[in-house]
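Understanding the architecture of this molecule
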Amino acid sequence: MKTPVIIYILECRHVIPGRIGVMELHCFNCQDEVKKVVDVHTFEWRVFCLSCNYKPWCGLSQMLANQNASMHSRKHSRHEVKVLYMENPIGVRVQKHILE
Ligand SMILES: [Zn+2]
Ligand SMILES: [Zn+2]
């Protein structure tokens, strides 16, 4: 299984994806400086197939979600595939921990 990635909000107010449990990240919007994690961006785009287990999180990219969704429906023409913007429960859990 691939390591889950969530979207962090840094002290510079930029958002950067990172592994669970990191406290600092390199911000590519700030010349790669190391910035403190201050919050989590819990809402992400997600492809949601009602017909199988295909439910990948796609971060902040609606375009990536749409692409994955149309690829999946092309492969499985009978599957009912949706693209949702929803709260990632992993992100919510990490956010609670950070804001404590
Ligand atoms: Zn930044
Ligand atoms: Zn499916």
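Residues numbered from 1 in each chain as written. Chains lettered and ligands numbered in written order. Predicted model: local features only at pLDDT ≥ 70, side-chain atom pairs only at ≥ 80, totals over all residues. Heavy atoms only, no water.

**A few points about the packing of aromatic side chains**
- Within the structure shown, the criterion is met by two aromatic pairs.
- Judged by centre distance (4.8 Å) and plane angle (45°), the rings of tryptophan 45 and tyrosine 85 are tilted. Of this pair, tryptophan 45 sits in strand 5 (residues 43-49) while tyrosine 85 sits in strand 6 (residues 81-87), placing them 40 residues apart in sequence.
- For tyrosine 85, a relative accessible area of 42% gives the class partly exposed. (Phe/Tyr/Trp six-rings, centres within 6.5 Å; stacked < 30°, edge-to-face > 60°. Helix = DSSP H or I, 4+ residues; strand = E, 2+ residues; numbered from the N terminus. Buried < 20%, exposed > 50% of the residue type's maximum accessible area, 1.4 Å probe, protein only.)

**Let's talk about the coordination of the zinc ion (ligand 1)**
- At this site the zinc ion (ligand 1) is bound by Cys12 (SG), His14 (ND1), Cys27 (SG) and Cys30 (SG), with donor distances of 2.0 to 2.3 Å.
- The site at the zinc ion (ligand 1) holds four donor atoms, and with the angles between them running 101 to 116°, its shape is tetrahedral.
- In primary sequence terms, the donor set of the zinc ion (ligand 1) follows C-x1-H-x12-C-x2-C.
- According to the relative accessible area criterion, histidine 14 is partly exposed, its value standing at 26%. (Donors = N, O, S within 2.8 Å, 3.2 Å for Na, K, Ca; no water. Tetrahedral: all angles 85-135°; square planar, octahedral: opposite > 155°, others 65-115°.)

**Remarks on the coordination of the zinc ion (ligand 2)**
- On the protein side, the zinc ion (ligand 2) has Cys49 (SG), Cys52 (SG), His72 (NE2) and His79 (ND1) as donor atoms, found 2.0 to 2.3 Å from it.
- Coordination at the zinc ion (ligand 2) comes from four donor atoms whose angles at the metal span 104 to 117°, giving a geometry best classed as tetrahedral.
- Using a relative accessible area of 23% as the deciding quantity, one classes histidine 79 as partly exposed.

**Digging into the sheet that holds strand 4 (residues 33-41)**
- In spatial order, the strands read 2-1-4-3; together these four strands make up an open sheet with antiparallel pairing. The open sheet terminates on both sides in strands that have one partner only, identified here as strand 2 (15-19) and strand 3 (24-27). Taking each pair of neighbouring strands and ignoring which way they run, the sheet shows an average axis angle of 60°.
- In terms of strand pairing, strand 1 (residues 5-10) meets strand 4 through four bridges, oriented antiparallel. Its bridge partner being in strand 4, tyrosine 8 is matched across the sheet by valine 40.
- Relative to strand 4, helix 2 (residues 89-99) is tilted by about 115°, and along the sheet it contacts strand 1 and strand 4. (Pairing = 2+ DSSP bridges. Axes fitted to C-alpha atoms, helices over the stretch in contact; angles between N-to-C directions. Contact = heavy atoms within 4.5 Å.)

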